[in-house]
Amino acid sequence: MERAIDSHGRLLVEAGTGTGKTYAYLVPALHSGKRVVISTGSKNLQEQLYHRDLPTIIGALDYARPVALLKGRSNYLCLERLNNLMSESHLQKAEVLADLVKVKSWSGTTSTGDVGDIPGLQENAEILPHITSTNDNCLGRDCPYYEDCHLVIARRRAMEAQVVVINHHLFFADLAVKDTGFGELVPEAQVYVFDEAHQLPEIATNYFGKSLSSRTLQDLAQDIQLAYRSEAQDMNQLGKGADRLQIASQDLRLAFGMESGRGNTRDMMKSSHWGQALARLTDALSLCYDVLKIALGRGERLDQCFERVSEVKSRLSEVLSFGETGCSYWYECTRLHFSLNLTPLSVAERFNAEVQRPEVSWVFTSATLTVDGHFAHFAGEMGLGGSAELTLDSPFDYAEQARLCVPRFLPEPNAFGRGERLASTMIPLINRTPGGCFFLCTSHQAMRQVTEVLRREIGRTVLMQGEENKSQLLKRFVENGRAVLVATASFWEGIDVRGAALSCVIIDKLPFASPDDPLLKARIEDCRLRGGDPFFDVQLPKAVIALKQGVGRLIRDRGDHGVLVICDPRMVNRAYGATFIKSLPAIPRTRELERLGEFFREGTAPSPSNV
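Conventions we followed
- Residues numbered from 1 in each chain as written.
- Predicted model: local features only at pLDDT ≥ 70, side-chain atom pairs only at ≥ 80, totals over all residues.
- Heavy atoms only, no water.
- UniProt positions renumbered as here; feature names shortened; annotations may be inferred.
- Helix = DSSP H or I, 4+ residues; strand = E, 2+ residues; numbered from the N terminus.
- Rg over C-alpha atoms; globule rule 2.2 N^0.38 Å.
- Buried < 20%, exposed > 50% of the residue type's maximum accessible area, 1.4 Å probe, protein only.
- Salt bridge = Lys/Arg side-chain N within 4 Å of Asp/Glu carboxyl O.
- Domains from an automatic or database assignment.
- pLDDT = per-residue confidence, 0-100.
- Contact = heavy atoms within 4.5 Å.
- Core = buried A, V, L, I, M, F, W, Y, C linked by side-chain atoms within 4.5 Å.
- Pairing = 2+ DSSP bridges.
- Axes fitted to C-alpha atoms, helices over the stretch in contact; angles between N-to-C directions.

The name given to the protein in an unreviewed UniProt entry is ATP-dependent DNA helicase YoaA, and the organism recorded there is Aeromonas diversa CDC 2478-85. Taken from UniProt, the Sequence similarities (unreviewed entry) comment for the protein reads in full: "Belongs to the helicase family. DinG subfamily."

Within the protein, the secondary structure is distributed over 25 helices and 18 strands. For 611 residues, the compact-globule estimate of 2.2 N^0.38 gives 25 Å, and the protein sits close to it at 25 Å. Principal-axis analysis of the C-alpha atoms places the extent of the protein at approximately 80 × 55 × 55 Å. Residue burial in the protein is summarised as follows: out of 611 residues, 55% are buried.

For the rest of this paragraph, the subject is the pattern of salt bridges. What the rule picks out here adds up to 34 salt bridges. With a closest N to O distance of 3.2 Å, Asp496 and Arg498 form a salt bridge. Residue Asp496 is classed as partly exposed on the basis of its relative accessible area, which comes to 22%. The class for Arg498 is partly exposed, based on a relative accessible area of 43%. One salt bridge in this structure joins Arg530 and Asp526, with 3.0 Å as the shortest N-O distance. When its relative accessible area of 61% is taken as the criterion, Arg530 is described as exposed. Exposure remark for Asp526: the relative accessible area of 26% places this residue in the partly exposed category. Three or more residues joined by partner-sharing salt bridges are found here, namely Arg81, Asp219, Asp223 and Arg308.

With that settled, consider the domain arrangement of the protein. Domain assignment breaks the protein into domain 1 (1-73 + 149-208 + 347-392), domain 2 (76-144), domain 3 (210-344) and domain 4 (402-516 + 546-603). The C-alpha-based centres of domain 3 and domain 4 are spaced at 41 Å.

Right, let's get into the confidence of the model for the protein. For the protein, per-residue confidence averages 91 on the pLDDT scale, and residues scoring 70 or more make up 97% of the total. Ignoring residues within four places in sequence, the model shows residues 604-611, a span with pLDDT below 50, making 22 contacts including any to other chains.

Glancing now at unusual backbone geometry. Positive phi, normally seen in glycine, also occurs at His8, with a value near 55°. Following the sequence through the fold, His8 ends up in the loop between helix H1 (2-6) and strand S1 (10-15). Owing to a relative accessible area of 31%, His8 belongs among the partly exposed residues under this scheme. Of note, the phi angle at Asp372 is positive, near 55°, even though the residue is not glycine. Counting through the fold element by element, Asp372 comes out in the loop between strand S10 (361-366) and helix H16 (376-382).

So, about the environment of Gly257. Relative to the helices and strands, Gly257 is located in the loop between helix H11 (236-255) and strand S7 (261-264). By relative accessible area, Gly257 is classed as partly exposed at 24%. On a C-alpha basis, the gap between Gly257 and Val37 in space is 44 Å, while along the polypeptide they are 220 residues apart.

Another point: the nonpolar core. What tends to happen in soluble globular proteins is that the nonpolar side chains get buried as a cluster. Among the nonpolar cores identified, the biggest contains 43 residues, and Ile224, Leu238, Leu245, Phe256, Trp274 and Leu340 are the most heavily contacted of them. Beyond its immediate chain neighbours, meaning those up to four positions away, Leu238 contacts Ile224, Tyr228, Ala232, Val291, Leu292 and Leu302. Ranked by size, the runner-up nonpolar core spans 41 residues in total, among them Val371, Leu485, Ala487 and Ile545.

It is worth spelling out the environment of Ile131 at this point. Structurally, Ile131 is set in helix H6 (residues 128-131). Residue Ile131 is classed as buried on the basis of its relative accessible area of 0%. For the pair Ile131 and Pro541, spaced 410 residues apart in the sequence, the C-alpha separation amounts to 40 Å. What Ile131 contacts, discounting residues up to four positions off in sequence, is Tyr76, Leu77, Cys78, Arg81, Leu82, Leu85, Val103, Val115 and Ile118.

Spatially, the seven strands line up as an open sheet ordered S14-S15-S13-S16-S17-S12-S18, and their pairing is parallel. Only two strands of the sheet have a single partner each, and these edge strands are strand S14 (462-464) and strand S18 (589-590). The sheet contact formed by strand S16 (residues 504-507) and strand S17 (residues 562-566) spans four bridges and is parallel. Looking at the pairing, Ile506 lines up with Val565 of S17. The strands touched by helix H20 (residues 470-480) within the sheet are strand S13 (437-440), S14 and strand S15 (484-487), with S14 carrying the most contacts at an inclination of about 165°. The strands touched by helix H22 (residues 534-551) are S13, S16 and S17; relative to S16, the strand with the most contacts, the crossing angle is about 155°.

As structure tokens, this is what we get:
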């Protein structure tokens, strides 16, 4: 890495768990004396790096220059929006009011304004969009709380720091802002280090595209109502326009159908019912636009709402234009909300232009950058061909510390009620596990099925992702020592649980992306047009990297011991299963669940059979 920094080069490093890659990049980065931006894969990793790893190296090197932690806008309490919510509290639902009490009490004690620190607040709490700002609704320098703004203070510290710790979402948000020619969110640096770099391709595509969500529409409708009541009470049409926008957004969500998931927006345009709901939304936006245009100059909120309506009208047109090539037009629905998206199929050309900047060094590292020992897939996705490459194996003794089982006689991957059957099958192993267990699922439906069975059938604490804030959930898991945590994607990576608290990891099936995913479909078609093999060039590499991440949760320290169960027969009865196995650590394998019980009872490994 020191050579890469000195030569302003690009370096790709796959460093297995336990190699100490964090310290390995922190020491030369700080020692270089250059301004450094370190980007991590998640907010949890940001916290760990800034509060644990960085202070250790700073102390060892006697490093005296300022360092800073910077997160995205949605992580910081907005004082202006909190006070607006307080003034409108009589209009809020009971659950929002209950959380408002927690937020208000905490707001007087926090020094950072990081909403992730609010005690007892769920990570998807309904109140969060009401107490944080977006690019659209931020008042900027016109805000009466500008000088006390937590986000402004955090950005100011970052601009003055020599080392700044950010996350990938913020890095690409910054690139998107720079592309528009309006300012910057992250200071320019001479050294960029990306930890958990395997996440970059997926995150980058979202920021180089366009999106419009129902959350944005409903937030806009609420702010228009506020502007109407505070600055234009004589303009009844403005209140009616806000109501129509709120209702039209909800109606369009209903027009997608009751199921959550993703789909191709072009297909929805064929539905007359959906088209009518879209027309009503367009009419509501036009009404708001026309009335706000008349009200220009009467107040700051009215002027800002006009600008936001103009932006939303433009964005809606873009995500429904279907005119750009090399892009996917798709939608995503949750239980209450939807988003319309335009996403580029590749960011290689745009990112390659970024890393060509002179006098700048770039380092990309993760435990899971290669597929079958090669960096080609990652380098191709990010436009990093020609970079220096380095692979460092994990120092852990997997032969002594772990066992891998692909059990026989399991239901096929798409079998009905598979989650319930897997949970029942795994109960004897969970009961024999001396410590805690992760049960990692590839869908929310499977997660709920597994949780229901385990809570009914075993005597341990069973935690489920989403029921609490992620960090609080993990804290409960570790403190319990014998709990079972059932989770989906966000717990497959970036989680570091050491010791007996995590002694077993069960993975429900190989993490192939859903074949119905519209973005995947578009990438598959694009691969075909370029003469490639979509399965081996697109689907398989992403699944291998995702599985490597899930497997990596088990052994985090030289003293860890545990078992790994992958409940997917394709690992052994499909030719491509060998690619998965070769990409994993050299863990002794068996097909008999009972052997895992022996591993726990004896504390030493029984003679394993090969899968």
